[in-house]
Amino acid sequence: QVELVESGGGLVQAGDSLTLSCDASGFTLDYYAVAWFRQAPGKEREGVSCMRDSDRRTYYANSVKGRFTISRDNAKKTVYLQMNSLKAEDTAVYYCATGPQNEMVDSSIPMYCGIYDYWGRGTQVTVSS
């Protein structure tokens, strides 16, 4: 019943934009952190971005800072990742995750926003160069 479903992935060219969506069901996103991770074949999973709920503080990986924007609509139970100026290096399966906020707010810690108890199955983003 608890489910996260990503959508919006696809094949694009370098420089293009793409918006990913993550729809939650079975629970609300209130007071939950939301996050996007990605994993390319043969590589470790990488935290892309996260956002707390109460204060909407965010984190972005250096590799996407200035290009990606995370947002949320709790009423719609949806999380978004707006990706601009896409690069071939952005090619990966992108995963949405959520869980209780991490009360230790330290922006120096990657993906500090929460404890991610729930995960989606991912959506493929392929950027051709």
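Every residue gets a number counted from 1 within its own chain, in the order that chain's sequence is written. At least 70 in pLDDT is required for a residue's local features to be given in this predicted model, at least 80 for side-chain atom pairs to be given and counted, and no such filter applies to totals for whole chains, interfaces and linings, which use all residues. Values reported for side chains reflect all heavy atoms of the structure, with hydrogen atoms and water molecules removed beforehand.

Asks: What exactly am I supposed to notice about the environment of Ser85 here?
Replies: For helices the rule is a DSSP run of H or I covering at least 4 residues; for strands it is a run of E covering at least 2, with both sets numbered from the N terminus onward. Relative to the elements of secondary structure, Ser85 occurs in the loop between β8 (78–83) and β9 (92–100). It is 6.9 Å that separates the C-alpha atoms of Ser85 and Ala14, two residues lying 71 residues apart in sequence. Two residues qualify as a contact provided that any one of their heavy atoms is within 4.5 Å of a heavy atom in the partner residue. Apart from residues lying up to four places away in sequence, Ser85 is in contact with Gly15, Asp16, Ser17, Arg67 and Asp90.

Asks: I keep staring at the sheet that holds strand β3 (residues 18–25) and nothing clicks. Help me out?
Replies: Within a sheet, adjacent strands bond to each other through the backbone by hydrogen bonds, running parallel or antiparallel. Read across the sheet, four strands follow the order β1-β3-β8-β7 without closing on themselves; strand pairing throughout is antiparallel. Looking at strand neighbours, the two that pair on one side only are β1 (3–7) and β7 (68–73), the edges of this open sheet. Neighbour-to-neighbour, the strand axes of this sheet turn through a mean angle of 15 degrees, independent of strand direction. Strand pairing is assigned whenever DSSP identifies at least 2 bridges connecting the two strands. As defined by bridge partners, β1 adjoins β3 across five bridges and the pair is classed as antiparallel. Looking at the pairing, Val5 lines up with Asp23 of β3. Every angle, taken between N-to-C directions, lies between 0 and 180 degrees, and every axis is a line fitted to C-alpha atoms, over only the stretch in contact when it is a helix.

Asks: Just to check I follow, could you spell out the pattern of salt bridges for this structure?
Replies: Two side chains of opposite charge can pair, provided their charged atoms sit close to one another. We define a salt bridge as a contact between a side-chain nitrogen of Lys or Arg and a carboxyl oxygen of Asp or Glu at a distance within 4 Å. By the definition in use, this model includes seven salt bridges. Taking the shortest distance from any N to any O, the salt bridge between Asp55 and Arg57 comes out at 3.3 Å. Among the residues examined, Asp55 registers a relative accessible area of 32% and is labelled partly exposed. Only protein chains enter the accessibility calculation, which uses a 1.4 Å probe; a residue whose area is less than 20% of its type maximum is buried, one above 50% is exposed, and one in between is partly exposed. Judged by its relative accessible area of 43%, Arg57 is partly exposed. Notably, a salt bridge pairs Asp90 with Arg67, separated by 2.8 Å at the nearest N-O pair. Here Asp90, found in the loop between β8 and β9, pairs with Arg67, found in the loop between β6 (58–60) and β7; they are 23 residues apart in sequence, far enough to count as distant. Using a relative accessible area of 1% as the deciding quantity, one classes Asp90 as buried. Residue classification places Arg67 among the buried positions, given a relative accessible area of 11%. Through salt bridges that share partners, Arg38, Glu46, Arg67 and Asp90 make up one connected network.

Asks: Honestly, the pairing of β3 in this entry has me stumped. Any pointers?
Replies: Inspection of the sheet shows β3 paired to β8 by six bridges, in the antiparallel sense. Of the residues in β8, the one forming a bridge with Leu20 is Leu81.

Keep in mind that these numbers describe shape and distance, not what the molecule does.
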